[in-house]
Amino acid sequence: MEAWTEARARELIAGARERPGATLLMLQALNDAFGHLPDAAVPLVAEALNLTRAEVHGVLTFYHDLRRRPPGRHVVKLCRAEACQAVGARELEAALTTQLGIGLGETTADGQVTLEPVYCLGNCAAGPSALVDGRLCAQADIAAIEAARDARPELLPRVAGGPRIFVPGEATAVALGADEVARAIAAEAARLGIAVGIVRTGSRGAAFLEPLIEIETAEGRVGYGPISAEDVPSLFAAGFLSDGAHAKRIGKIDTHPWFAGQERLTFARCGVVDPRSLDDCRAAGGLAGLTRARTMAPADIVAEIEASGLRGRGGAGFPAGRKWRTVLETAGAQKYIVCNADEGDSGTFADRLLMEGDPFLLIEGMMIAGLATGARQGIVYLRSEYPDAARTFAAALDAARAGGLLGDGFDIELRLGAGAYICGEETSLLESLEGKRGTVRPKPPVPAIAGLWGKPTLVHNVLSLAAVPAILERGAGFYRDFGAGRSRGTMPVQLAGNVRYGGLYEVAFGITLRRLVMEIGGGTRSGRPVRAVQVGGPLGAYFPAAMLDLPFDYEALAEAGGLLGHGGIVVFDDTVDMAAQARFAFEFCAIESCGKCTPCRIGSTRGVEVIDRILAGIEREKNLALVEDLCTTLRDGSLCALGGLTPLPVESALRHFPEDFAR
């Protein structure tokens with residue numbers, strides 16, 4: 001971090017002045033450079049943009065990332081979301097605050113450590129999680145967090161040589177030691193005088209096997225995992241370059257039970273290719289959908305999307321083709337494709353895995369959407385909690401421009417959020433892109449008609465856009481043949497929390513929760529009985545173990561009083577306190593509310609207070625009725641899904657686990 005000077009501040013402000021959405025961009029630039037925004041920053045930004053100080057102050061105070069005070073030498077962001085709660089995050093928070101002698105949002109007296117809360121780091125299959133000085137710490141405890149304060153070397157890049165060894169460079173794998181493994185392989189090979197090639201890939205999604213390394217053989221890739229740096233000498237001694245026997249050998253990847261049962265359409269190349277190499281993407285069959293789309297009329301591309309049955313993968317499940325047709329048929333000299341990569345739901349990490357493992361698939365999907373709708377500019381809004389995804393995707397954009405894929409006719413800009421869960425709501429995201437507070441816009445008009453800067457805008461999340469290339473390459477009928485009922489295609493299910501075999505498992509809709517949690521997921525990591533699962537993120541319902549025979553699709557979950565959301569499933573064992581989970585649902589809504597509508601802003605705060613009275617034994621029946629009344633107000637009166645869906649986890653906890661509210 002730099003020391004504050006007005007001259008340097010003005011230089012940073014000038015660098016963002018001409019960019020759209022400059023208010024937030026300036027504040028982010030100052031915050032990144034100086035670690036915080038002193039009072040002197042506000043008038044400088046206001047002066048540069050001819051805004052009032054109040055307008056700038058309003059943006060500054062909206063986003064969690066923008067600090068008003070200098071942080072300590074080390075910043076530890078501790079995840080408090082449900083997936084980490086299921087594996088001890090509350091206990092870790094209590095131990096860490098006790099050891100440091102500070103609360104969340106405070107800095108130690110010696111200025112060494114600032115402890116900040118965060119509400120998902122996308123490491124939901126290997127929690128508890130923390131972000132320590134911008135580096136992910138997986139399966140975190142106090143010792144691991146302290147060790148993570150020491151600077152790590154940069155990611156070991158691709159190494160050319162003999163037999164190819166594939167080592168993941170994805171955030172969870174790196175947090176579990178993949179970089180140390182890669183360096184140990186390079187060092188041991190050099191010591192033995194063996195030429196090897198090291199390719200850094202994304203992750204195949206099996207977090208429980210990470211770091212998973214793979215060896216290229218004539219019969220296909222063979223995997224070894226989970227591997228530590230200490231295992232490397234024994235791998236060489238066992239002849240692993242020739243598929244030698246070893247205790248960590250899991251066999252051919254394609255026949256391993258975790259991978260063999262999947263139906264990978266979207267994640268086929270994740271963990272297989274170097275995500276920064278356009279040549280690797282093409283060699284693995286990438287860009288075939290774009291090639292076909294370039295031979296089609298825009299209306300025909302839209303018709304293909306409609307016929308496929310693709311629905312939005314961000315939560316609402318809205319028919320994708322209907323959005324595309326609206327943008328296509330709305331007149332406008334300027335149109336936008338906006339990718340919502342603000343993946344903030346606890347238990348979800350598919351967007352991150354794809355952007356770190358196959359970013360060219362997302363680029364391809366956005367380019368096809370541009371061809372179909374007449375848009376010439378794409379923007380990816382990525383949450384700031386994903387620094388590894390930001391670096392990988394930025395490198396892929398550079399490679400795409402250098403390779404002639406982007407630039408002439410369609411380009412993509414990467415924008416980082418500033419820490420606001422509500423910006424996952426599409427209109428809040430658009431407000432943030434315009435540099436404003438991320439408050440929700442009333443509808444109509446919908447973004448497809450008047451979106452970013454009032455122009456026709458197609459807003460989709462990462463998984464929706466990443467599904468498009470397969471549809472264009474293989475046809476709508478091929479994609480539609482996967483799934484059940486109105487839930488067509490495949491879904492990257494994310495198994496998270498207290499689950500033995502956590503990770504991403506792509507499969508057609510219709511599979512049951514029981515098969516996902518008990519067979520594929522292997523039950524709980526703790527070995528205790530499953531008591532509850534939360535499906536669909538922090539706004540999703542809690543289901544008891546007795547309801548695990550529910551099919552995993554939009555309609556079945558909605559009929560059972562839940563939602564599919566972004567495809568995350570958080571598993572809890574029988575030690576979970578469901579009253580605490582219901583309270584947290586209200587607390588989370590209160591923290592993350594944009595504040596625009598009263599039911600969400602005030603109702604969530606009152607909800608925390610009422611549940612506290614219930615747990616204290618104060619007028620229990622009267623306060624239970626008040627919770628139901630608050631939930632009705634939130635559901636019927638909120639402007640967006642944050643307030644409107646917060647009742648799902650609260651009411652489902654009350655309905656299925658009433659005994660936890662009577663303790």
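Residues numbered from 1 in each chain as written. Predicted model: local features only at pLDDT ≥ 70, side-chain atom pairs only at ≥ 80, totals over all residues. Heavy atoms only, no water.

Peer 1: Mind showing me how you'd approach the packing of helix α16 (residues 350-357) against helix α18 (residues 387-402) here?
Peer 2: To characterise two packed helices, one gives the angle between the axes of the helices and the distance between these axes. Closest axis-to-axis distance for the α16/α18 pair is 8 Å, and the angle between their directions is 35°. Helix-helix and strand crossings are classified by hand; for α16 and α18 the assignment is left-handed. The segment α16 lies against α18, with Arg 352, Met 355 and Glu 356 engaging Asp 388, Ala 389, Thr 392 and Phe 393. (Axes fitted to C-alpha atoms, helices over the stretch in contact; angles between N-to-C directions. Helix = DSSP H or I, 4+ residues; strand = E, 2+ residues; numbered from the N terminus. Left-handed = near helix turned anticlockwise from the far one by under 90°. Contact = heavy atoms within 4.5 Å.)

Peer 1: Before we go on, may I ask you to explain the nonpolar core in this structure?
Peer 2: Grouped together as the largest cluster of nonpolar side chains are 188 residues, with contacts concentrated most on Trp 324, Ile 363, Phe 552 and Ile 569. Among the elements that take part in this core, helix α17 (residues 359-373) stands out by supplying nine residues, more than any other. Membership of the second largest hydrophobic core comes to 22 residues, among which are Val 167, Ala 173, Tyr 224 and Leu 235. (Core = buried A, V, L, I, M, F, W, Y, C linked by side-chain atoms within 4.5 Å. Buried < 20%, exposed > 50% of the residue type's maximum accessible area, 1.4 Å probe, protein only.)

Peer 1: How should I be thinking about the packing of aromatic side chains in this particular structure?
Peer 2: To describe a pair of aromatic rings, one takes the distance between the centres and the angle between the planes. Taken as a whole, this structure holds 14 aromatic pairs when the rule is applied. Where Phe 208 meets Trp 258, the ring centres are 5.1 Å apart and the plane angle is 75°; that geometry is what we call edge-to-face. Note that Phe 208 is positioned in the loop between β7 (197-201) and β8 (213-217) and Trp 258 in helix α11 (residues 257-260), a separation of 50 residues in sequence. Residue class for Trp 258 comes out buried when judged on its relative accessible area of 4%. (Phe/Tyr/Trp six-rings, centres within 6.5 Å; stacked < 30°, edge-to-face > 60°.)

Peer 1: Where do I start with the state of the cysteines in this structure?
Peer 2: By definition, a disulfide links two cysteine residues through a covalent bond between their sulfur atoms. Scanning the model with the defined rule gives zero disulfides in all. The thiol sulfur of Cys 124 is not disulfide-bonded, and the nearest other cysteine sulfur, from Cys 120, lies at 3.6 Å. (Disulfide = S-S within 2.5 Å.)

Peer 1: Whenever I open this one, unusual backbone geometry confuses me. Can you help?
Peer 2: Negative phi is the rule for most residues except glycine; trans is the rule for most peptide bonds. Between Glu 210 and the following residue, Pro 211, the backbone shows a cis peptide bond with an omega angle of -5°. Residue position: Pro 211 is located in the loop between β7 and β8. With omega at -10°, the peptide bond leading from Gly 225 into Pro 226 counts as cis. Mapped onto the elements, Pro 226 comes out in the loop between β9 (220-224) and α10 (232-237). Even without glycine at this site, Asp 133 takes up a positive phi of about 50°. Summarising the element assignment, Asp 133 is placed in the loop between β4 (130-132) and β5 (135-137). Taking the relative accessible area as the measure of exposure, Asp 133 reaches 27% and is therefore partly exposed.

Peer 1: Where do I start with the layout of surface pockets in this structure?
Peer 2: Rolling a probe over the atoms, with the probe sized like a water molecule, indicates the empty space that remains. The calculated volume of the largest pocket comes to roughly 1200 Å³. Lining the largest pocket are 46 residues, and of these Gly 314, Gly 315, Ala 316, Gly 424 and Ala 641 lie nearest its centre. For the lining of the largest pocket, the secondary structure elements donating two or more residues are α15 (320-329), β14 (457-461), α24 (554-559) and α28 (641-645). A class-by-class count of the residues in the lining of the largest pocket yields 19 nonpolar, 17 polar and 10 charged. (1 Å grid on protein atoms, 1.4 Å probe; cavity = no way out; pocket = protein on both sides within 12 Å on 5 of 7 lines; lining within 4 Å. Points joined across faces, edges and corners; volume = space filled by probe spheres on them. Nonpolar A, V, L, I, M, F, W, Y, C, P; charged D, E, K, R; others polar.)

Peer 1: Please clarify how the pattern of salt bridges should be interpreted in this entry.
Peer 2: A side chain with one charge can pair with a side chain of the opposite charge if their charged atoms come near. Tallying each qualifying case throughout the model produces 47 salt bridges. Here Asp 39 makes a salt bridge to Arg 68, at a shortest N to O gap of 2.8 Å. Of this pair, Asp 39 sits in the loop between α2 (22-34) and α3 (41-49) while Arg 68 sits in the loop between α4 (53-60) and β1 (74-79), placing them 29 residues apart in sequence. Note on Arg 68: relative accessible area 32%, which makes it partly exposed. Note that Arg 528 is salt-bridged to Asp 574, the shortest N-O span being 2.6 Å. Linking Arg 528 in the loop between α23 (513-520) and β19 (530-535) with Asp 574 in the loop between β21 (568-573) and α25 (578-592), this pair joins segments that are 46 residues apart in sequence. Judged by relative accessible area, Asp 574 falls into the partly exposed class, the value being 33%. (Salt bridge = Lys/Arg side-chain N within 4 Å of Asp/Glu carboxyl O.)

Peer 1: How should I be thinking about α25 in this particular structure?
Peer 2: Note that an α-helix has 3.6 residues per turn; residues three or four places apart therefore point the same way. Counted at 1.5 Å a residue, the expected span for α25 with its 15 residues is 21 Å, and the 21 Å between its end C-alpha atoms agrees. Where burial is concerned, most of α25 is hidden: 11 out of the 15 residues are buried. Of the residues flanking the start of α25, the one acting as N-cap is Asp 577, its side-chain oxygen 3.0 Å from the backbone nitrogen of Ala 579. (Expected span 1.5 Å × (residues − 1). Polar contact = N/O pair within 3.5 Å; in protein donor to acceptor, adjacent residues only side chain to side chain.)

Peer 1: Just to check I follow, could you spell out the pairing of β1 for this structure?
Peer 2: Sheet faces and side chains relate simply in a regular strand, where the side chains alternate between the two faces. Summarising burial for β1: six of the six residues are buried, a large majority. Neither face of β1 is exposed, since His 74, Val 76 and Leu 78 on one face and Val 75, Lys 77 and Cys 79 on the opposite face are all buried. The pairing of β1 with strand β3 (residues 113-118) spans six bridges and is parallel. Bridge assignment links Lys 77 to a residue of β3, and that residue is Glu 116. (Pairing = 2+ DSSP bridges.)

Peer 1: Is there a simple way to think about the packing of α15 against α17 in this case?
Peer 2: For the pair α15 and α17, the least separation of the axes is 8 Å and the interaxial angle reads 50°. Here α17 runs oblique to α15, going by the angle between their axes. In this structure, α15 contributes Trp 324, Val 327 and Leu 328 to the contact, and α17 contributes Ile 368, Ala 369, Ala 372 and Thr 373. Per-class residue counts for the contact of α15 with α17 are six nonpolar, one polar and no charged. (Parallel < 35°, antiparallel > 145°, perpendicular 65-115°, else oblique.)

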